[in-house]
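Residues per chain, in single letters:
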Amino acid sequence: MSNTAAAHYTSTGLDTRKIAFWTFIGSECLLFGTLISTYLVYEGRSVVGPTTQEILNLPLTTISTFVLLMSSLAMVLALAAVTSGDRKYSIVWLATTALLGLVFLGFQVVEFTEFVHEGLTISTNLFGSTFFTLTGCHGLHVAVGVIWLTTLTILAFRDKLGPEKAMNVEICGLYWHFVDVVWIVIFTVVYLLQRGGIR
Amino acid sequence: MNEENAEHVHPDNKTYLFIAAILTAVTGIEFGCLYIPALAPIVAPLLLSLSAGKFVLVVGYYMHLKPDPSLFRWVFLVPLGLAAIVMLMLLGLMR
């Protein structure tokens, strides 16, 4: 074990950055748990304006969900490529993950624009406030992930992301997959259950 | 370094592709469920179960929580459980 690598390990034998990042993810669970609860508490209580069932575009969101799930696949393949020292595929899969994240954000922009044209903004009613806060917060997380992935892609392109830096990619992967699992929950709670008329 | 903290083997690319195929199929099933009237009485628990399955697959395999040391599992599951309790209490009090 090199001195550089040893500096990141504790008496537990685990990488401190990875422990710290899992702790961060734990705190993010509480953040999104609160946002989802708030959405559910106020769901169906809007007095005016477009409501959930009138406005949600389920086919579009199902496609964007598929895109985000596939970005998670690209992320694990990127980590495998970096770990094995395969520079070409490291670049390919990291760039693919970032690109799929951008596509997901594009879907979100289309959805938000449609909603605004339908008369639903963050200040229209309770649904608008809680929906835009929840999905906007998630979208912001995706945007941060895309920037992070783009940085890693540039590093890989400059040949500065070898197997010894695989932990950096693994931590970025943890973040990206967490963003994915949060969307799995949002997709079910906000889109599928509401579209099915279940409250 | 004890056995618990030793290097843990991550799944191979074939496993990752298999998981992706399952995730895609489950997402398709979730979407399709809403258009089958016969499933209406059980659609809520069905969708929640399918969603939980996807969650477990991504966290277990893509985030490597299954093969990684158990400390990571606890660091994640304790706040997740706390978040679930907060959600249930808020919904119980406010709905």
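## A short note on the overall build of chain B
- Secondary structure assignment for chain B yields three helices and zero strands.
- Relative to the globule expectation of 12 Å for 95 residues, the C-alpha radius of gyration of chain B, 17 Å, shows a markedly less compact shape.
- Principal-axis analysis of the C-alpha atoms gives chain B an extent of 55 × 40 × 10 Å.
- Relative to its full complement of 95 residues, chain B shows a buried share of 27%.
- Of the contacts formed within chain B by residues at least 6 apart in sequence, a portion of 59% connects residues at least 24 apart.

## Describing the interface of chain B and chain A
- Each side of the interface is counted separately: chain B has 39 residues, and chain A has 39 residues.
- In terms of residue count, the dominant contributor to the side of chain B that touches chain A is helix α3 (residues 70-94) of chain B (15 residues).

## Some points on helix α1 (residues 13-33) of chain B
All names here are of chain B.
- Here α1 spans 30 Å end to end across 21 residues, near enough to the 30 Å set by a 1.5 Å rise per residue.
- Those residues of α1 that sit buried are Tyr16, Ile19, Ala20, Leu23, Thr27, Glu30 and Phe31. Down the axis of α1, the buried set is contained in an arc of 110°. They therefore lie on one face. Seen from the open side of α1, the exposed residues pointing more than 90 degrees away from its buried face are Lys14, Thr15, Ala21, Ala25, Gly28, Ile29 and Gly32.

## Some details on the packing of helix α5 (residues 87-117) of chain A against helix α6 (residues 126-157) of chain A
All names here are of chain A.
- In contact at an axis separation of 9 Å, α5 and α6 are set at 155° when each is read in the N-to-C sense. Between α5 and α6, the angle is such that the two are roughly antiparallel. Where α5 crosses over α6, the two elements pack in a sense that is left-handed. Counted together, Arg87, Ser90, Ile91, Leu94, Ala95, Thr97, Ala98, Gly101, Leu102, Phe104, Leu105 and Gln108 of α5 and Thr135, Gly139, Val142, Ala143, Gly145, Val146, Leu149, Thr150, Leu152, Thr153, Ala156 and Phe157 of α6 form the full contact between these two elements.

## Overview of the nonpolar core
- In this structure, A:Ile36, A:Val76, A:Leu77, A:Ala78, A:Leu94 and A:Ile186 are the most contacted members of the largest nonpolar core, which totals 73 residues.
- The greatest single-element share of this core, amounting to 18 residues, is contributed by helix α7 (residues 166-195) of chain A.
- Those residues within four positions of A:Val76 in sequence are excluded, and the remaining contacts are A:Gly173, B:Tyr16 and B:Tyr62.

## A word on the confidence of the model for chain B
Residue and element names in this part refer to chain B.
- Here chain B averages 89 in pLDDT, and 92% of its residues register 70 or above.
- Throughout residues 1-6 the model reports pLDDT below 50, and contacts reaching past four residues in sequence, or to other chains, amount to eight contacts.
- Predicted as a complex, the structure gets a pTM of 0.91 and an ipTM equal to 0.89.

The rules behind each value
- Residues numbered from 1 in each chain as written.
- Chains lettered and ligands numbered in written order.
- Predicted model: local features only at pLDDT ≥ 70, side-chain atom pairs only at ≥ 80, totals over all residues.
- Helix = DSSP H or I, 4+ residues; strand = E, 2+ residues; numbered from the N terminus.
- Rg over C-alpha atoms; globule rule 2.2 N^0.38 Å.
- Buried ≥ 20, exposed ≤ 12 C-beta atoms within 10 Å, placed from the backbone.
- Contact = placed C-beta atoms within 7 Å.
- Expected span 1.5 Å × (residues − 1).
- Arc of directions from axis to C-beta.
- Axes fitted to C-alpha atoms, helices over the stretch in contact; angles between N-to-C directions.
- Parallel < 35°, antiparallel > 145°, perpendicular 65-115°, else oblique.
- Left-handed = near helix turned anticlockwise from the far one by under 90°.
- Core = buried A, V, L, I, M, F, W, Y, C linked by C-beta atoms within 7 Å.
- pLDDT = per-residue confidence, 0-100.

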